[in-house]
Amino acid sequence: MDILKKALQNGLNGQGLSGPDAMALAALPNDNIYEILSVTDKVRRRHKGMEVNLCSIVNAKSGLCKEDCSFCAQSIKYNTAIKEYPMVGAEAIVDAAVKAESTGAREFSIVTSGTKIEKEKDVSILIETLKSMRETVGMERCASLGILKREVLEDLKESGLESYHHNLETSASFFPNICTTHRYEEDIEVIKTAKELGFYVCSGGIFGLGESWADRIELAETLKKLEVDSIPVNFLNPRPGTPLEGAKNLTPIDCLKIIAVIRLMMPVKDIVICGGRNVGLRDLQPLIFAAGANGMMIGNYLTTPGRDIEADTQMLKDLGLKPRGVDR
Ligand code: SF4
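Residues numbered from 1 in each chain as written. Predicted model: local features only at pLDDT ≥ 70, side-chain atom pairs only at ≥ 80, totals over all residues. Heavy atoms only, no water.

Student: Pulling in residues and values, what's your account of the layout of surface pockets?
Tutor: A water-sized probe, rolled over the atoms, reveals where empty space remains. Considered as a void within the structure, the largest pocket measures approximately 550 Å³ in volume. Secondary-structure elements contributing two or more residues to the lining of the largest pocket are strand E1 (51-61) and helix H4 (90-102). A per-element tally of the lining of the largest pocket places E1 first, with four residues. Residue classes in the lining of the largest pocket are distributed as twelve nonpolar, eight polar and two charged. By volume, the second largest pocket is sized at about 360 Å³. Lining the second largest pocket are 15 residues, with Lys61, Leu64, Lys66, Lys116 and Glu118 positioned closest to its centre. In terms of residue class, the lining of the second largest pocket is made up of four nonpolar, three polar and eight charged. (1 Å grid on protein atoms, 1.4 Å probe; cavity = no way out; pocket = protein on both sides within 12 Å on 5 of 7 lines; lining within 4 Å. Points joined across faces, edges and corners; volume = space filled by probe spheres on them. Helix = DSSP H or I, 4+ residues; strand = E, 2+ residues; numbered from the N terminus. Nonpolar A, V, L, I, M, F, W, Y, C, P; charged D, E, K, R; others polar.)

Student: Just give me the short version of the nonpolar core, but keep the residues and values in it.
Tutor: Ranked by size, the top nonpolar core spans 96 residues in total, and within it Leu25, Phe71, Phe108, Ile110, Tyr164 and Phe235 carry the most contacts. Per-element accounting of this core gives the leading share, nine residues, to helix H10 (residues 252-265). In contact with Phe71, other than residues within four places in its own chain, are Glu169, Ile178, Ile206, Leu209, Leu236, Arg239, Thr242 and Leu244. One finds Cys55, Val272, Met297 and Tyr301 within the second-largest nonpolar core, a separate group that totals seven residues. (Core = buried A, V, L, I, M, F, W, Y, C linked by side-chain atoms within 4.5 Å. Buried < 20%, exposed > 50% of the residue type's maximum accessible area, 1.4 Å probe, protein only. Contact = heavy atoms within 4.5 Å.)

Student: Can you lay out H4 for me, pointing to particular residues and giving the numbers?
Tutor: Within an α-helix, residues lying three or four positions from one another point in the same direction, as the helix has 3.6 residues per turn. Counted at 1.5 Å a residue, the expected span for H4 with its 13 residues is 18 Å, and the 19 Å between its end C-alpha atoms agrees. Looking only at H4, the buried set comprises Ala90, Ile93, Val94, Ala97 and Ala100. Relative to the axis of H4, the buried residues are bounded by an arc of 115 degrees and lie together on one face. Exposed residues lying more than 90 degrees from the buried face of H4 are Glu91, Lys99 and Ser102. As for H4, its buried residues are in contact with E1, strand E2 (107-112) and helix H5 (120-136). Once H4 finishes, Gly104 follows within two positions and takes phi at roughly 100 degrees, a positive value. (Expected span 1.5 Å × (residues − 1). Arc of directions from axis to C-beta.)

Student: Tell me about the side chain of His165, residues and numbers included.
Tutor: When you line up the elements, His165 lands in strand E4 (residues 163-165). Residue classification places His165 among the buried residues on the basis of a relative accessible area of 17%. A distance of 2.7 Å separates polar atoms of two side chains, one belonging to His165 and the other to Ser144. Only 3.1 Å separates the side chain of His165 from the side chain of Asn167, close enough to count as a polar contact. The contact partners of His165, leaving out residues within four places of it in the chain, are Cys142, Ala143, Ser144, Leu145, Cys202 and Pro232. (Polar contact = N/O pair within 3.5 Å; in protein donor to acceptor, adjacent residues only side chain to side chain.)

Student: If you had to explain empty space enclosed by the protein to someone new, which residues and values would you point to?
Tutor: Counted under the stated rule, the structure contains two cavities of 30 Å³ or more. One number sums up the size of the second largest cavity: a volume of about 30 Å³. What lines the second largest cavity is simply Phe207, Trp213, Arg216, Ile217, Ala220, Ile258, Val261, Ile262 and Met265. Of all elements in the fold, only helix H9 (213-226) and H10 reach the threshold of two or more residues within the lining of the second largest cavity. Residues of the lining of the second largest cavity, tallied by class, amount to eight nonpolar, no polar and one charged.

Student: Outline H9, listing residues and values.
Tutor: Here H9 is 14 residues long and its end C-alpha atoms lie 20 Å apart, about the 20 Å a rise of 1.5 Å per residue gives. Restricting attention to buried positions, one finds in H9 the residues Asp215, Arg216, Ile217, Leu219, Ala220, Thr222, Leu223 and Leu226. Where H9 is buried, its residues contact helix H2 (19-26), helix H8 (184-196), strand E6 (205-207), strand E7 (230-235) and H10. Glu227 sits one or two positions beyond H9 and adopts a positive phi of about 55 degrees.

Student: Talk me through unusual backbone geometry; I want residue IDs and the actual numbers.
Tutor: At Leu64, a residue that is not glycine, the phi angle is positive and equals roughly 60 degrees. Along the chain, the position of Leu64 falls in the loop between E1 and H4.

Student: Can you explain the side chain of Asn234? Please cite residues and give values.
Tutor: Examined against the element boundaries, Asn234 turns out to sit in strand E7. Of the polar contacts made by the side chain of Asn234, one reaches the backbone nitrogen of Gly275; its length is 2.8 Å. Setting aside residues no more than four positions away along its own chain, Asn234 makes contact with Asn167, Gly205, Ile206, Phe207, Cys274 and Gly275.

Take a look at the structure:
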């Protein structure tokens, strides 16, 4: 298996695999997963050691979204019976941040549904929140607010925002199958702007939408080219009422292989396992780190519950992994 030797060499030297090499790796049968994991574990340890990034989110504005992302329970186009609410106040967001800090999270992200922040009032709430977080919590301040204008991103940065999250979700080729209400280029544009403004940029995707390996690798190549700092990896947890409610779940080994291929394409980046971890990985959750992840979201996801935080903390202890502190 020459591809594994090449993956190890290019992983340890930080160069990573090209798209065609990643395709060759992905073509290895699932029976080879433990050989793949023995490579990704070495690569992760070389670049990330035994520390893991823990992040936590608050859903600050839920549902009522005009977009039609076929996996998402927050779209107004689907009947999903989620809790819908407009932007909550600064105090509620800061309270959620304080709670998240007590669970060991190093990064806290304010997430809002939709692709835009349309109201002045909502921007003022975000600015007030960020200023208050600067005073009250030590965690890194992140937000996921859609396709924002440069001026709004600049204002938020000035108020204390450090990281910006915006997922591409899938490849450009597959994107029209999952969203028809905005263009992929708009997503790329906001990532480029956030990079230009000096944010630590998180951008990844959701897997299990019916995409092929070629789509997954195309997405990873795009992220590599954009030089994003962190890649959040989500696995579809099919939501009742969405077009993908009947989608077949990926197997836990499929999920591990997706993480592994991303690690071997981008050896030095942060890879954070987010939504769908418990559903996608089930009892194989501890293997996400051997597969190359160096972070995970803890607590609840946007519209679905996460795993018990004590169970996650215990898992890290049992694996000999340590939560990473804040750098500044
Ligand atoms: S993923 Fe975001 S933009 Fe798409 S429907 Fe859900 S909330 Fe709206």
